[in-house]
Amino acid sequence: MSRRFDIQYVFEFIPKLMAYLNITLLIVGSSIVLGLLIGLIVALPRLYNTPVLKRLSQLYVSFFRGTPILIQLFLVYYGLPEVLGWIHIDVSRLAVLYFVIATYALNSGAFISEMIRASVAAVDRGQIEAAHSIGMSGYQTFTRVIAPQALGISIPLFGNLVIGNLKDTSLAFTLGVMEMTGRSQTLGTATQHFIETYIALSLIYFVISFGLEKGFQWMERYVNRFDGHRSEKTLRASWRRPLRAAPLLGKGGKSG
């Protein structure tokens, strides 16, 4: 049973938990970088409507968007060594952290691929046709017309994804990774001050998430500084949309 609440323990636990922040940020940063690469590769068959690869990418996206990340952690940790063992690749001795990063990268890649697809599709087709009509090549049209607008559209979604990833890393301790949440478990057990531990942990997550949100809002304003159609009110409202409710579905509610 927990001991009597003592606010002093909150301030005492914060620096102890912050000592493990580097592990949390390593998971987030590595998984996002790898997720960007995976997401781009997965998005291309759907953007160019490549028949077989498009179906495979849809299956991949549907699986990682439709299953809990906790289940994905267990599947990758226990299943990946078995699958790679069929081709005589032994990864059973790798540190757990690598499996955690791989899981979050695969999960992020699914959402990033939808973010890329939706952002490109949101660019007005009339602008693309106009670019072609004045002699721009496909590469010039993409780099000068599509990419700048798609980037501005995708920043709120990407920011929400990063913040969501930060919070989801709290599940990494289920595989034994000693990040902030894992450390909070040991502190709570050792001191029996569980409430103070979780208050300290929530404060750290809140401050980091708030800083990231403000940073991405500034980035969005900067990218869209020449776009007169998106008001300050619209930019603020875009950050209130939950990540999983982002408009990433095609007509009829089915994935495109």
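Nothing here was measured: the structure is a model prediction, and the numbers come from that model. In this convention, every chain numbers its residues from 1, walking through the sequence in written order. The model is predicted, so local features are restricted to residues of pLDDT at least 70 and side-chain atom pairs to those at 80 or more, both for listing and for counting; the totals for chains, interfaces and linings are taken over all residues. Heavy atoms from the whole structure form the basis of all side-chain values; hydrogens and water molecules are not counted.

Asker: Mind showing me how you'd approach the pattern of salt bridges here?
Answerer: Working definition: two side chains of opposite charge can pair if their charged atoms are close together. Definition used for salt bridges: Asp or Glu carboxyl oxygen within 4 Å of a side-chain nitrogen of Lys or Arg. Summed over all chains, the structure comprises 4 salt bridges. A salt bridge links glutamate 114 to arginine 117; the nearest nitrogen and oxygen atoms lie 3.0 Å apart. One end of the pair, glutamate 114, and the other, arginine 117, are both in helix H5 (residues 96–121), 3 residues apart, so they sit about a helical turn from each other. The two residues glutamate 114 and arginine 117 agree in class, both being buried. The numbering of helices and of strands both runs from the N terminus, where a helix is a DSSP run of H or I of at least 4 residues and a strand a run of E of at least 2. Categorising residues by exposure relies on relative accessible area from a 1.4 Å probe, with only protein chains included: less than 20% of the type maximum marks a residue as buried, more than 50% marks it as exposed, and the intermediate range marks it as partly exposed.

Asker: Quick question: what am I supposed to make of the layout of surface pockets here?
Answerer: Considering only enclosed or pocket space, the largest pocket measures out at about 820 Å³ in volume. Cavities and pockets are found on a 1 Å grid laid over the protein atoms alone: a cavity is a set of points where a 1.4 Å probe fits but cannot escape, a pocket is an open set with protein on both sides within 12 Å along at least five of seven lines, and a lining residue has an atom within 4 Å of such a point. Along the wall of the largest pocket there are 27 residues; nearest its centre are Leu47, Ile116, Val120, Phe142 and Ile146. Elements represented by at least two residues in the lining of the largest pocket include exactly helix H2 (21–47), H5, helix H6 (125–133) and helix H7 (138–168). Looking at which element gives the most residues to the lining of the largest pocket, the answer is H7, with 10 residues. Amino acids are sorted into nonpolar (Ala, Val, Leu, Ile, Met, Phe, Trp, Tyr, Cys and Pro), charged (Asp, Glu, Lys and Arg) and polar (every other residue, Gly among them). The residue inventory of the lining of the largest pocket, partitioned by class, reads 17 nonpolar, 6 polar and 4 charged. Grid points are joined across faces, edges and corners, and a volume is the space filled by probe spheres set on the points.

Asker: Please clarify how the side chain of threonine 169 should be interpreted in this entry.
Answerer: Mapped onto the elements, threonine 169 comes out in the loop between H7 and helix H8 (180–191). Judged by its relative accessible area of 1%, threonine 169 is buried. Distance and chemistry together define a polar contact, namely a pair of N or O atoms within 3.5 Å, with one atom able to donate a hydrogen and the other to accept it when in protein, and with adjacent residues in sequence counting only for side-chain atoms on both sides. A distance of 2.5 Å separates a polar side-chain atom of threonine 169 from the backbone oxygen of leucine 166. In this analysis, two residues are considered to be in contact whenever any of their non-hydrogen atoms come within 4.5 Å of each other. Beyond its immediate stretch of four places on either side in the chain, threonine 169 contacts Thr24, Ile27, Val28, Tyr104, Glu179 and Tyr205.

Asker: In this structure, what is going on with helix H3 (residues 51–66)? I would like to understand it.
Answerer: Residues that lie three or four places apart on an α-helix share one face, since the helix turns once every 3.6 residues. Between its first and last C-alpha atoms H3 spans 22 Å; for 16 residues at 1.5 Å apiece the expected length is 22 Å, and the two agree. Residues of H3 that are buried include every one of Lys54, Ser57, Gln58, Tyr60, Val61 and Phe64, and no others. What you see down the axis of H3 is that its buried residues fit within an arc of 165°, all on one side. For H3, the exposed residues set more than 90 degrees away from the buried face come down to Pro51, Val52, Arg55, Leu59 and Gly66. Those residues of H3 hidden inside the fold are in contact with H2, helix H4 (69–85) and H5. Multiply 1.5 Å by the residue count of a helix minus one, and that product is the helix's expected span. Think of it as the arc spanned by the lines of direction from the helix axis to the C-beta atoms.

Asker: What is the right way to look at the environment of phenylalanine 11 in this model?
Answerer: Inspection of the secondary structure assignment puts phenylalanine 11 in helix H1 (residues 7–18). Taking the C-alpha atoms as reference points, phenylalanine 11 and threonine 197, separated by 186 residues in sequence, lie 9.5 Å from one another.

Asker: Is there a simple way to explain H1 in this structure?
Answerer: Helix length check: H1 (12 residues) gives 18 Å between terminal C-alpha atoms against 16 Å at 1.5 Å per residue, within 8%. Within H1, the full set of buried residues consists of Val10, Phe13 and Leu17. The buried residues of H1 occupy one face: seen down the axis, they fall within an arc of 75°. In H1, those exposed residues whose orientation departs by more than 90 degrees from the buried face are Gln8, Phe11 and Pro15. Here the buried face of H1 lies against H2, H8 and helix H9 (194–223).

Asker: Would you take a moment to explain the packing of H1 against H9 for this structure?
Answerer: To describe two helices that pack against each other, one gives the angle between their axes and the distance between the axes. In contact at an axis separation of 8 Å, H1 and H9 are set at 55° when each is read in the N-to-C sense. Comparing the axis directions of H1 and H9 gives the class oblique. Pair H1 / H9 crosses with right-handed handedness. Facing H1, whose interface residues are Tyr9, Val10, Phe13, Ile14, Leu17 and Met18, H9 presents Glu196, Thr197, Ile199, Ala200, Leu201, Leu203 and Ile204. A breakdown of the residues in the contact of H1 with H9 according to their chemical character gives 11 nonpolar, 1 polar and 1 charged. Here, axes are lines fitted to C-alpha atoms. For helices the fit covers the stretch in contact, and angles between N-to-C directions go from 0 to 180 degrees. In what follows, roughly perpendicular refers to angles from 65 to 115 degrees, roughly parallel to angles under 35, roughly antiparallel to angles over 145, and oblique to any angle outside these ranges. Throughout, a crossing is termed right-handed when the near helix is turned clockwise from the far one, and left-handed when it is turned anticlockwise from it by less than a right angle.

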